[in-house]
There are 2 protein chains.
Amino acid sequence: MSYQLKKNMKVQITSDFWKRYRELVVNEVLPYQWSVMNDEADIKIAHEPGGNAQDSKNSHAIENLKIAAGIKKGNHFGYPFQDTDVYKWLEAAAYSFSYHPNDDLKKITDNLIDLIADAQDNDGYLSTFFQIDAPERKFKRLQQSHELYTMGHYIEAGVAYYQATGNQKSIDIAIKMADCIDHNFGIDEGQINGYDGHPEIELALTRLYEQTENEKYLKLAHYFLNQRGKNPEFFEQQNIVDGIENDLIDGMKYFEPKYYQSAEPIIDQKTADGHAVRVVYLCAGMANVARMLNDMELLEACHRFWNDIVQKRMYITGGIGSTNIGEAFTYDYDLPNDTMYGETCASVGMAFFAQNMKDIEFKGEYGDVLEKELFNGTLSGMSLDGKHFFYVNPLEADPDITKNNPSRSHAITQRADWFGCACCPSNVARLIASVDKYIYNVKDNTILSDQFIANKTIFNQGIKIEQSNNFPWTGDINYKVENEKNIDFKFGIRIPGWSQDKFTLNVNGVENKNLVDGIVYVDITDINTKIELKLNMDVKLMQANPLVKYDFGKVSVQKGPVVFCTEETDNESPIWTYQLNTSGSITSQFERKLLGGVETITATAIKNPISDTTLYREYNKIKGVETELKFIPYYAWANRENGQMQVWQNISN
Amino acid sequence: MSYQLKKNMKVQITSDFWKRYRELVVNEVLPYQWSVMNDEADIKIAHEPGGNAQDSKNSHAIENLKIAAGIKKGNHFGYPFQDTDVYKWLEAAAYSFSYHPNDDLKKITDNLIDLIADAQDNDGYLSTFFQIDAPERKFKRLQQSHELYTMGHYIEAGVAYYQATGNQKSIDIAIKMADCIDHNFGIDEGQINGYDGHPEIELALTRLYEQTENEKYLKLAHYFLNQRGKNPEFFEQQNIVDGIENDLIDGMKYFEPKYYQSAEPIIDQKTADGHAVRVVYLCAGMANVARMLNDMELLEACHRFWNDIVQKRMYITGGIGSTNIGEAFTYDYDLPNDTMYGETCASVGMAFFAQNMKDIEFKGEYGDVLEKELFNGTLSGMSLDGKHFFYVNPLEADPDITKNNPSRSHAITQRADWFGCACCPSNVARLIASVDKYIYNVKDNTILSDQFIANKTIFNQGIKIEQSNNFPWTGDINYKVENEKNIDFKFGIRIPGWSQDKFTLNVNGVENKNLVDGIVYVDITDINTKIELKLNMDVKLMQANPLVKYDFGKVSVQKGPVVFCTEETDNESPIWTYQLNTSGSITSQFERKLLGGVETITATAIKNPISDTTLYREYNKIKGVETELKFIPYYAWANRENGQMQVWQNISN
Ligand SMILES: [Zn+2]
Ligand SMILES: [Zn+2]
């Protein structure tokens, strides 16, 4: 069956672009993050956005586990969900073994599994903050305790680690955890009829179900989705019993149910509201449950959330979350470029949501968004050296503003070593390390080539596909499909939205341009099939819907899936005084030595003079100087001198 | 002497524009505010910006005084400086008697003076919060206690009331207060060598000195100015003794000394930093002290603050304070139109600063800024019905944003009944009621006609000046100068910056265009002199310095001193999709029935269609529809349907 086909797919990534990032994860990101979590790195923890402060140079994440395991003494330190940094790191490490086996690392991760097992309570519970400092409050303030979120992240990591290494303990921990949750939550007498303030467990349980095939976990995920919002007072009621003032995270009691997607049942929610990461984690889990249970109401809710986000609430970089206050969505078409959030985790979560929607139905729009996240909104969260991270990914930034205007100081302009709330760094690591899973989807008798990441892949039944390209820099995509057993199957190729105006696709020399929902399907009948796809890699000027106030009268520059930005270091400050000539020349060139090798773009523009000190004067059409404006890929910004950056450009005509 | 001349000037305002506002103060504003302060109004107190919340429908301001006086029992309610609402209201009432004697009101205010006297401690101290609820903390946490700010406001009111009515008690209270402060503050053993976190007392003491001619008060003001910032740790040290956690106003302990203009001596401060109202109150007092003591260092500081604010930190409406966080200045050229503050009080304080600088030296720029504040930034703080108020005066607003984007929700789009921190309503009232004092300045042998507010004024020595005009709607300004004793004097007329490109000034038929620092001086030698001034009332498109990122590529519309804006109610939503045609026609017309009678402006513009639901698409030059864009004066916005407003307009060419 198709599911087996998928499960057994063996993908070897050959893409230069992605190999660089994946080796970076192994060689730099994982060792660096491990040293940080062990408090062995000489780092500065950023006072990051949203007031997530932590007055320490230490993460303490491993230390917390050691204390919970009884190996060390002391108090818990950090956010109640600090454990998740370790779990997402472990998950990234597990994925890395598939392309870069590493005995030294595996020794560390095996020992880590032992430590986690030791930290776990006999009943399966594991959340070091509560175990160490507040055992009497377990499951008592779910609005902000993140307990199921925390365990959910372990479950994901445990499943991945088991799949990568066969380590039995790693999956046993996950099962014990899920059983603990299943025991404590539900509609039976003595159970908590509620859910976590931060969705994640739903997604985790579907992965555990896929691995174990134990329907109990799928049912539990379904229960959490159905229960959510049925009693909008649930969190408030728990808070009252727990002592209304005793916030675990200062101020969280003030957030409305809508912030937690619990103001009404999910299937009744019309728009994607509240904390952005919560929304997309919820959706990613919901898509899986909808598929596995064929639940049409949940599927409809998935579509509703998807359309609202993608059509009305997403930045051109894939960023989501229009306000720094609460890291949250605001309302349709409200997309300010500076007071926005665009959390790295939210883009990662959106990639999960897209991926899981593809598993339900093949439509090009899912891959389009996934591609947007992969080449823009997620990658921008990590520096090229793998050791610095953004939490917030603005589309417009200026070090002076960050330093001197507190209304906008949440958007830092240089990536930080680490954060007090360090959810993002390990999230981007696990996405990169698992990007091989995002290339193909298999369903019934169809293989979908969704992402243009060069690879060699072996499917079931002797099917082998080699995809070669130099994406995202060039648009020639070549496939060699081997079908030695001459199986009848369809091979679908997503034609990105940005290329549907111009592409050619030849199958053994015969053109096929028949688009169905953004996908061209090729019937594979021969033993060897050669497919040549040429995508439209013209540099495109993009504009936003006029309802987006903040982008009105501006353009952004895109080539293929990559969104470009201007930086002060390549241009003359202030960069907003350039006006791009939309009728002028625009060229691109690959610069091997720049930023690890990137395409850059040069456009003609007018640079307006800063000629006097008058603050206001009578208007006269500015006579600027014709010059050039240089662009680099958005994901690579802030890897050189600190300076201004913007995605949306003023225009001269 | 010139000082006497000034003191004895009798100004009768004949301007239709200002008579309407001044009668509004008497007939609506004062009775309304009195009922609010007596908790007799059926109002809703707004949850206003900066988190200045107060969960009550009552002001309690009069009740606090009654409790302090021993007439009532209970606790203090409201901010520690709640008393100042009463004092500024009293000051406004005092001014109103000069143009609208009112026995009923005077009975109320005389009784109020009695109440205040009863509330005052024997040693002169008066701050009801501390008297009622925290007597042991008097003068112990000056960073946030506002005690000298509070007493300063009474001193200003007391002087004004004495001058208006001769009520001896009113000035005696002020003198007792000032003596109390003089006793407690200074460099002697046992005195507090410090100052208030919120400047105001400096200005008040100069007014008390002017009235009493007792140099002690001037010296005390000078001391406060000199001491400020000498020990940047002063507030922190007090806070530690008072108990670091015991904030009087939640969170104020976190603000840096710079916020309170106490990071370094004032004479060393390079830029106008911190809380905007504090800065301009400080400057208004400093200008008086510099003048009275001929202190060149303080004068230089005045110039430095003035230039930094006016040339680099002021909105075109006169608004100041570029961030809602702390109601504060940010840095040069940082003038966002939405996350800004532009507190009404800050514009009022800037008017004071300008007025007091004029008293030092005659330069047109002071009157230019004063005029800008009078016709824009201050008036916008009050509705046309006199019963609704803005705290924040943004240059761009949208009810959807206010409601749904918490990063910008501080800028409300409909004026509120009242505020928990109600500093602004009575401030605008006292400015309007005393606007007669802003028209002329007298110095040596020169009378300066600074503001074009039609009036008949009698000076000393038989000099009478009648100024007639229909300003700000038309630019014909006519003076009849009677000089029956044939005194030799100069009559200076400020030519506004916006008219210096085009004006005619005829003195008994002879043209004079000799500008000195923005002023034309006329030698008055005849007994009757007729002066005809024609100002340039062309509608002007204005642009900001390109360093102002947020206004780049935009224009605003100004006619005379009045800044105009577009509102959703006159145009089609969303208003940002209009692009004004800078080469098109632009006309103005007076609409007698609109908004109490205002000039409106109509400009040709392109309206861009909202045609599809695609969030991003390839750029193609928008083909909009040619149409008209209608403007109303900025000060009159938000007096009709709730809707979008903007001062800076997109342009089409
Ligand atoms: Zn994150
Ligand atoms: Zn105010």
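Everything here concerns the structure above.
All figures in this text were calculated on a predicted structure; none of them were measured in a lab. (Residues numbered from 1 in each chain as written. Chains lettered and ligands numbered in written order. Predicted model: local features only at pLDDT ≥ 70, side-chain atom pairs only at ≥ 80, totals over all residues. Heavy atoms only, no water.)

1. Thoughts on the nonpolar core
Consideration 1: In terms of nonpolar packing, the biggest core is built from 220 residues, with Trp18, Tyr21, Leu112, Phe224, Met350, Phe491 and Leu505 of chain A touching the most fellow members.
Consideration 2: For this core, the leading source of residues is helix α13 (residues 276-293) of chain A, giving 13 residues.
Consideration 3: Those residues in contact with phenylalanine 491 of chain A that sit more than four places away from it in its chain are Tyr440, Ile447, Ser449, Ile465, Tyr479, Val481, Val520, Tyr521, Val522, Ile524 and Ile531 of chain A.
Consideration 4: Formed by 218 residues, the second largest nonpolar core is a distinct cluster that contains Tyr87, Ala117, Tyr440 and Met645 of chain B. (Core = buried A, V, L, I, M, F, W, Y, C linked by side-chain atoms within 4.5 Å. Buried < 20%, exposed > 50% of the residue type's maximum accessible area, 1.4 Å probe, protein only. Helix = DSSP H or I, 4+ residues; strand = E, 2+ residues; numbered from the N terminus. Contact = heavy atoms within 4.5 Å.)

2. Section: the coordination of the zinc ion (ligand 1)
Consideration 1: The coordination sphere of the zinc ion (ligand 1) contains the protein donors Glu343 of chain A (OE), Cys345 of chain A (SG), Cys423 of chain A (SG) and Cys424 of chain A (SG), at a distance range of 2.0 to 2.3 Å.
Consideration 2: If you look at the zinc ion (ligand 1), its 4 donor atoms make angles of 94 to 120° with each other, and the shape they trace is tetrahedral. (Donors = N, O, S within 2.8 Å, 3.2 Å for Na, K, Ca; no water. Tetrahedral: all angles 85-135°; square planar, octahedral: opposite > 155°, others 65-115°.)

3. A look at the coordination of the zinc ion (ligand 2)
Residues and elements named next belong to chain B.
Consideration 1: Protein coordination at the zinc ion (ligand 2) comes from Glu343 (OE), Cys345 (SG), Cys423 (SG) and Cys424 (SG), with a distance range of 2.0 to 2.3 Å.
Consideration 2: Coordination at the zinc ion (ligand 2) comes from 4 donor atoms whose angles at the metal span 94 to 120°, giving a geometry best classed as tetrahedral.
Consideration 3: Read from N- to C-terminus, the donor residues coordinating the zinc ion (ligand 2) fall into the pattern E-x1-C-x77-C-C. On the criterion of sequence distance, the pair formed by glutamate 343 in the loop between α14 (296-312) and α15 (344-360) and cysteine 423 in helix α18 (residues 423-433) is long-range, its members being 80 residues apart. The same class applies to glutamate 343 as to cysteine 423, namely buried.

4. Focus: helix α11 (residues 215-227) of chain A
All names here are of chain A.
Consideration 1: Given a rise of 1.5 Å per residue, 13 residues ought to cover 18 Å, and the 18 Å separating the end C-alpha atoms of α11 matches this to within 8%.
Consideration 2: Listed as buried for α11 are Tyr217, Leu218, Leu220, Ala221, His222, Tyr223, Phe224, Leu225 and Gln227.
Consideration 3: Tucked into the core, α11 has its buried residues touching α8 (147-165), α9 (168-184), α10 (201-212), α13 and α14 (296-312).
Consideration 4: The N-capping residue of α11, defined by a side-chain oxygen 3.0 Å from the backbone nitrogen of lysine 216, is asparagine 214.
Consideration 5: Just beyond α11, the residue with positive phi is glycine 229, at close to 85°. (Expected span 1.5 Å × (residues − 1). Polar contact = N/O pair within 3.5 Å; in protein donor to acceptor, adjacent residues only side chain to side chain.)

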